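Listed here are the chains, written in short residue letters.
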Amino acid sequence: MHQTNKSFDIIIIGGGAAGMMAAISAKRHNPKLSVAIIDQTFALGRKILISGAGRCNLTNKNLTKDLTKKYFGDKKIIESVFKQFGYKEITEFFNGLGLELYEETKSASGKIFPKNDQAKAVVALLISEIERLNIESVLNTTVLSVKKDKKVFVLTGNCENKEVVYTADKLVLAAGGKSYPALGADGSGFDLAHDFKHRIIEPVPSGVPLVGKNELSQALQGTKLEAEITAYINNKKADNVVGDVLFTQYGLSGSGILSVSRGFSIELNRNHKNFAEVVLNFFPDKNSLEVKKYLAVRFKKHPDQTIENNLWGIFPMKFVFTILKLSNVDPLKRVNKLKVEEIEKLINNLTACKINITGTRGWNEAEFTAGGVAAEDVDPNNLESKLVSGLYFCGEVLDVDGEIGGYNLSWAWASGFVVGESL
Ligand SMILES: Cc1cc2nc3c(=O)[nH]c(=O)nc-3n(C[C@H](O)[C@H](O)[C@H](O)COP(=O)(O)OP(=O)(O)OC[C@H]3O[C@@H](n4cnc5c(N)ncnc54)[C@H](O)[C@@H]3O)c2cc1C
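Residues numbered from 1 in each chain as written. Predicted model: local features only at pLDDT ≥ 70, side-chain atom pairs only at ≥ 80, totals over all residues. Heavy atoms only, no water.

## Some remarks on the packing of aromatic side chains
Line of reasoning, step 1. Using the criterion set out here, one finds 14 aromatic pairs in the structure.
Line of reasoning, step 2. Centre to centre, the rings of F247 and F282 are 6.4 Å apart; their planes meet at 40°, and the pair counts as tilted. With a gap of 35 residues between them, F247 in strand β14 (residues 236-247) and F282 in the loop between β16 (276-281) and α10 (288-301) connect regions that are remote in the sequence. As far as burial versus exposure is concerned, F247 and F282 are alike and both buried.
Line of reasoning, step 3. Note on F315 and F319: the rings are 4.8 Å apart at their centroids and 50° apart in plane angle, and the pair reads as tilted.
Line of reasoning, step 4. Classification of F315 as buried rests on a relative accessible area of 8%.
Line of reasoning, step 5. Among the aromatic residues, those joined into a ring-pair cluster are F247, F282, F283, Y294, F315 and F319.
Line of reasoning, step 6. Here the guanidinium or amino end of R55 rests over the ring plane of F113, the centre of that ring lying 3.8 Å away.
Line of reasoning, step 7. For K286, the ring lying beneath its charged end belongs to Y294, and the centroid distance is 4.6 Å. (Phe/Tyr/Trp six-rings, centres within 6.5 Å; stacked < 30°, edge-to-face > 60°. Helix = DSSP H or I, 4+ residues; strand = E, 2+ residues; numbered from the N terminus. Buried < 20%, exposed > 50% of the residue type's maximum accessible area, 1.4 Å probe, protein only. Lys NZ or Arg CZ within 6 Å of the ring centre and 35° of its normal.)

## A few points about unusual backbone geometry
Line of reasoning, step 1. Phi at Y180 takes a positive value of approximately 50°, unusual for a residue other than glycine.
Line of reasoning, step 2. On the secondary structure map, Y180 appears in the loop between β10 (162-173) and α7 (188-195).
Line of reasoning, step 3. You can call Y180 partly exposed: its relative accessible area is 32%.
Line of reasoning, step 4. You will see that N235, though not glycine, has its phi angle at about 65°, which is positive.
Line of reasoning, step 5. On the secondary structure map, N235 appears in the loop between β13 (224-233) and β14.
Line of reasoning, step 6. Take N235: its relative accessible area is 63%, and that puts it in the exposed class.

## Details of the sheet that holds strand β3 (residues 59-60)
Paired through their backbone hydrogen bonds, the strands of a sheet run either parallel or antiparallel.
Line of reasoning, step 1. Read across the sheet, three strands follow the order β3-β6-β5 without closing on themselves; strand pairing throughout is antiparallel. Lying at the two open borders of the sheet, with one neighbouring strand each, are β3 and β5 (101-103).
Line of reasoning, step 2. Here two bridges tie β3 to strand β6 (residues 111-114), and the two strands are oriented antiparallel to one another. Each bridged residue has a counterpart across the sheet, and for T59 the counterpart in β6 is I112. (Pairing = 2+ DSSP bridges.)

## Overview of a nonpolar patch on the surface
Line of reasoning, step 1. Taken together, the side chains of L49, I50 and Y180 make up a nonpolar region of the molecular surface, amounting to roughly 230 Å² of accessible area.
Line of reasoning, step 2. Tracing the backbone through its elements, the reader meets I50 in helix α2 (residues 46-50). (Patch = residues over 30% accessible without salt bridge, like charges linked within 9 Å, V, L, I, M, F, W, Y side chains within 5 Å. Areas by Shrake-Rupley, 256 points an atom, 1.4 Å probe, with all protein chains shown as cover. Salt bridge = Lys/Arg side-chain N within 4 Å of Asp/Glu carboxyl O.)

## So, the pattern of salt bridges
Line of reasoning, step 1. For the structure on display, the rule yields 16 salt bridges.
Line of reasoning, step 2. Among the salt bridges present, the one from R55 reaches D117, with a minimum N-O distance of 3.1 Å. Of this pair, R55 sits in the loop between α2 and β3 while D117 sits in the loop between β6 and α6 (119-132), placing them 62 residues apart in sequence.
Line of reasoning, step 3. Classification of R55 by relative accessible area gives partly exposed; the value is 23%.
Line of reasoning, step 4. Classification of D117 by relative accessible area gives partly exposed; the value is 29%.
Line of reasoning, step 5. For R199, the salt bridge identified is with E376, shortest N-O distance 2.7 Å. Of the two residues, R199 is situated in the loop between α7 and β11 (200-206) and E376 in the loop between β19 (368-373) and β20 (391-393); the sequence distance between them amounts to 177 residues.
Line of reasoning, step 6. Here R199 falls in the partly exposed class, since its relative accessible area comes to 43%.
Line of reasoning, step 7. Here the salt bridges share partners, and the residues they tie into one network are R28, E129 and R132.

## Re the environment of D401
Line of reasoning, step 1. Along the chain, the position of D401 falls in strand β21 (residues 401-402).
Line of reasoning, step 2. For D401, a relative accessible area of 0% puts it in the buried group.
Line of reasoning, step 3. Sequence separation between D401 and S34 is 367 residues, and the spatial gap between their C-alpha atoms is 30 Å.
Line of reasoning, step 4. Setting aside residues up to four positions removed in sequence, D401 forms contacts with K70, Y71, F72, S206, R262, F368, T369, A370, G371 and N408. (Contact = heavy atoms within 4.5 Å.)

## A look at the site of the ligand
Line of reasoning, step 1. Around the ligand, the surrounding shell holds 34 residues, and the nearest of these are D39, G52, V143, E396 and L409.
Line of reasoning, step 2. G52 has a polar backbone atom sitting 2.9 Å from an oxygen atom of the ligand.
Line of reasoning, step 3. Within the backbone of N408, a nitrogen or oxygen atom sits 3.3 Å from an oxygen atom of the ligand.
Line of reasoning, step 4. For the ligand, the protein covers 96% of the area, taking 1,000 Å² as the surface of the free molecule. (Near = heavy atom within 4 Å. Polar contact = N/O pair within 3.5 Å; in protein donor to acceptor, adjacent residues only side chain to side chain.)

## As for helix α5 (residues 87-96)
Line of reasoning, step 1. Taken together, the buried positions of α5 are occupied by I90, T91, F93 and F94. Buried residues in α5, looked at end-on, bunch into an arc of 155°, giving them a common side. Every exposed residue of α5 that faces more than 90 degrees away from the buried side is listed here: K88 and G96.
Line of reasoning, step 2. G98, located one to two residues past α5, shows a positive phi value of around 100°. (Arc of directions from axis to C-beta.)

## Thoughts on the UniProt feature "domain: RsdA/BaiN/AoA(So)-like insert" (unreviewed entry) in the chain
Line of reasoning, step 1. What UniProt calls "domain: RsdA/BaiN/AoA(So)-like insert" (unreviewed entry) maps, in this numbering, to residues 205-367.
Line of reasoning, step 2. The distance separating the terminal C-alpha atoms of residues 205-367 is 8 Å; by composition the span is 39% helix and 25% strand. (UniProt positions renumbered as here; feature names shortened; annotations may be inferred.)

## Concerning the nonpolar core
Proteins that are soluble and globular tend to have nonpolar side chains buried together.
Line of reasoning, step 1. Formed by 84 residues in total, the largest nonpolar core has its most connected members in F94, L126, L155, V172 and W413.
Line of reasoning, step 2. If one sorts the elements of this core by residue count, helix α14 (residues 407-422) sits on top with nine residues.
Line of reasoning, step 3. Apart from residues no more than four positions distant in its own chain, W413 is found in contact with A17, M21, I48, L58, F85, I90, F94, V122 and L126.
Line of reasoning, step 4. V278, V291, F299 and L350 belong to the second largest nonpolar core, which has 40 residues in total. (Core = buried A, V, L, I, M, F, W, Y, C linked by side-chain atoms within 4.5 Å.)

Given below as structure tokens:
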């Protein structure tokens, strides 16, 4: 028989965005309850700190429009959660903590950030609310197993090499997915859910760079360009976005590539398909015919320029040099001396440059997880388990994920809030 370290009305496993929100929501809703957050790292909200490159893109103005286009997962759960806590409620919640927000207008994608561009401020204000509400934070403690003994959840864990036991009447699993395991979420939430017979949809990394060795990436390492990115999987067009492409030693990264990575990851890592290709158009606002006309005008205007100098007026020199090499065009050739076949090959490489994708980078570089606790055994109204009463799920541990642009943190806040209100 273990000695119980402490008993609470509610224990939340995981002190990330979802767990912190669930704790605040539960305690605000019912101040008499004793609430604890248990986390295996040394601090709450560590992933929030690195989100949005340290700026924390905490939600999106277009959140409640087109929910089904922005999220992957069970439609009923997604709609039910955001109906209860949508864009308005998320922004009001943070304004209520004293955090000023702004919309980043340069990308016109509705991304919302804290006005001071500091993720640290988001975490600091959440922690001060947790302290104000007397929510207990149990840090450096890994929950290793959970059992339900009659009506009570018994959690056994490890804190600095000592066994610890906590009990609770209700349990929230907010243990995240598997992305960036160094920050705490290592997939153990899936194991704990599985122990209660919950089905787990095989997790794969999402928001992740793509692997595909190719001449362009090798030559252009470190170069970032905007491009129209079309994803083909098994010869079918799977996705099309305009965004940044960063060439790397192993293949491709950048925000545009992360946006299309989900489909590749599912097909390559979960379904073990093997034909995947990215097609890049480096003139994202033009098709090949328009590019042909556009270059013809430039060539006519500057007939004595070398092709190298003419393209340098549009692209970085490293890119110009590489694309000319790939097209077998002499960089020093004058534009009025180019052969029709040379121009055609060049335009083809500039507007339909094919890169074979052989894999994805792993969990250490994935921004989030596709897959997780299956929706079918979770009540869409309050995210309680249909298999074990008193057990709830929120955040990335569930099989719901969103597009890049503040959608994943929005899911964490909203699902955490809904669970907290139901406890
Ligand atoms: C680099 C990066 C940038 C990102 N930028 C953005 C962005 O700008 N906007 C956006 O919307 N999304 C962004 N995301 C995604 C977003 O941050 C996550 O989807 C979200 O934070 C998930 O929150 P969560 O609370 O569900 O999980 P997590 O934040 O992963 O929290 C889970 C917690 O559970 C704890 N835990 C796990 N297992 C146990 C256990 N057995 N015992 C005790 N504790 C345990 C972990 O230590 C961890 O603290 C980004 C992600 C990354 C990696």
